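Residue-level structural notes
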Amino acid sequence: MAIINLKKKEVQAKIVYYGPGRGGKTTNLEYIYKKFRTRIQTEMVTIKTHGDRTLFFDFLPIEIGKIKGYDIRIQLYTVPGQVKYESTRRLVLRGVDGIVFVADSLAVRRKENVLSLKSLADNLASYKKSILKIPLVFQYNKRDLLEEGIPLLPVEWLEKDLNAKLKAPSFEASALKGPNVVQTMKKIIIMTIDSLRKDLT
Amino acid sequence: MAQEREEDNFRSQVEDRLDHLFKEDAPEEEPVGLVEHPLKNLKAVLLSVDWEITDSTMDSLLNEIKNVEYVYSEDKIILTFLQLLGSIGRYVKANKSKAHPEATRVINSVYEALEKVALTRGMPRAEKEKMLLDEVGKFKKLKEQVVLRKTERKEPPAAEVTPAPPAPAREPKEVPAAETPAREEEREKSFEAARFAQMPPHEAFAYALEEIKDMIRAEFRALRAEIKLWRESK
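What this report covers is the structure whose coordinates are included nearby. (Residues numbered from 1 in each chain as written. Chains lettered and ligands numbered in written order. Predicted model: local features only at pLDDT ≥ 70, side-chain atom pairs only at ≥ 80, totals over all residues.)

Digging into the overall build of chain B
The number of helices and strands found in chain B is eight helices and zero strands. Going from N to C terminus, chain B has its helices and strands arranged as α-α-α-α-α-α-α-α. Here chain B holds 234 residues, and 20% of them are scored as buried. (Helix = DSSP H or I, 4+ residues; strand = E, 2+ residues; numbered from the N terminus. Buried ≥ 20, exposed ≤ 12 C-beta atoms within 10 Å, placed from the backbone.)

Structure, rendered in structure tokens:
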């Protein structure tokens, strides 16, 4: 749930990057942070410790600045992708306002994408939110690997597997190299702020 | 009608602000590109290892390490980094999915440090050595974790025992020799991890939260110590 303080004219929205493990969620945030840190002037927080079993998420706050008198702040989060971290994923989703689903384009990860999307729908439902209604953007990541001859899922398959019912905006991207990382983020921010706007007017 | 116009105006202001903040012409933070650098292929192979550990990817990694060793045959610091990578690479190759999960993390960490040392122009030797020592420390810790895991699993006959990462040919002399307390600490951590796995979710979460608090406290202690050292050196 976004924090909207009408008195102080502040809006804080939470966007979560969700998807299967090793799909590139953290790489998305790292790309944004490395490339624009002099402009966004905030710190990225990463929590990943304690051997191979722990809470793990990344957090990147972004100050958009004043718009129509409102100070707009966006908080970007990632969830841990590995299956065993289900409770942490659910916890990070609490109060979410917008979702980027980072799908792994590798052919061998087809099943993991579908399972992860299902877990997203279930976890949102536990907070009485519908995946059909929440602002959602798909990112089909790792498209750059096609040049290296690595078998990838065709975008049509990804769309059919994941986005056939949801009909959300989608981007082919490479979180490692940068194409469409920023476009994905801009899209979800605009959609999220759009969805919150009714509370501001 | 007026409300629609107001909404469009709001949206276009958000878009303008985002365009301004995230113009793609921002300069890269990388000190030097890898376009034609000898590390370029090594990085590419490491990225593939990150998602697939097979004999073929691991052989490519080990071959690429040899190639880079040839290029840097006169640079002892970089050679030691490469030896660390080779040792962990051989261990991962021998154990594949059974390799300790820390191994891939350490391999990536060693590579990142190597890249920084190799690509940052004018980096003082002392700083390079410090980065190397940090990585050697991580490597040693990994070795201990591997040994500990083997002990706990009570692996049978020596012939079937999964090999621990072999020591690199040369290790810097400054590396501390006393390892017993670290081993005890690792054992303790391992017991904690086993206990953590058996907890119900709400307890596991509370436990993890405590762990994070401890970690943050430790980080602050380390930071304070570093600041103190820095002040004293001024």
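Digging into the nonpolar core
In terms of nonpolar packing, the biggest core is built from 56 residues, with Val16, Ile99 and Phe101 of chain A touching the most fellow members. Counting residues per element, this core draws most heavily on helix H5 (residues 181-197) of chain A, which supplies eight residues. Once residues within four sequence positions are removed from consideration, Phe101 of chain A is found in contact with Tyr18, Gly19, Leu117, Leu120, Leu136, Phe138 and Gln139 of chain A. Judged by nonpolar contacts, the second largest core, of 30 residues, contains Met58, Leu84, Leu132 and Val146 of chain B. (Core = buried A, V, L, I, M, F, W, Y, C linked by C-beta atoms within 7 Å. Contact = placed C-beta atoms within 7 Å.)

Thoughts on the environment of Val106 of chain B
All names here are of chain B. For Val106, the location among the structural elements is in helix H5 (residues 102-119). Note on Val106: 23 C-beta atoms within 10 Å, which makes it buried. Sequence spacing of Val106 and Ile88 is 18 residues, and the spatial spacing of their C-alpha atoms is 8.2 Å. In this structure, Val106 is in contact with Ile88, Lys138, Phe139 and Leu142, ignoring residues within four places of it in sequence.

A short note on unusual backbone geometry
All names here are of chain A. At Lys68, a position not held by glycine, the phi torsion is positive, near 55°. In this structure, Lys68 sits in the loop between strand S4 (56-67) and strand S5 (70-78). The class of Lys68 is partly exposed, set by 14 C-beta atoms lying within 10 Å. Even without glycine at this site, Lys167 takes up a positive phi of about 50°.

Regarding the packing of helix H1 (residues 25-40) of chain A against H5 of chain A
All names here are of chain A. Interaxial distance between H1 and H5 falls to 10 Å at its minimum, and their mutual angle equals 95°. Relative to H5, the element H1 is oriented roughly perpendicular. The residues of H5 that touch H1, namely those facing Asn28, Tyr31 and Ile32, are Val181, Val182 and Met185. Residues of the contact of H1 with H5, tallied by class, amount to five nonpolar, one polar and no charged. (Axes fitted to C-alpha atoms, helices over the stretch in contact; angles between N-to-C directions. Parallel < 35°, antiparallel > 145°, perpendicular 65-115°, else oblique. Nonpolar A, V, L, I, M, F, W, Y, C, P; charged D, E, K, R; others polar.)

Digging into the pairing of strand S7 (residues 136-141) of chain A
All names here are of chain A. The element S7 is largely enclosed, with a buried count of six among its six residues. The side-chain alternation of S7 yields two buried faces, one formed by Leu136, Phe138 and Tyr140 and the other by Val137, Gln139 and Asn141. Where strand S6 (residues 98-104) lies against S7, six bridges are found, and the strand directions are parallel. By the bridge assignment for S7, Val102 is matched with Gln139. You can see the chain leave S6, run along helix H3 (residues 110-126) and come back into S7, and the turn it takes is right-handed. Here three bridges tie S7 to strand S8 (residues 170-172), and the two strands are oriented parallel to one another. (Pairing = 2+ DSSP bridges. Right-handed = clockwise from strand over helix to strand, strands pointing away.)

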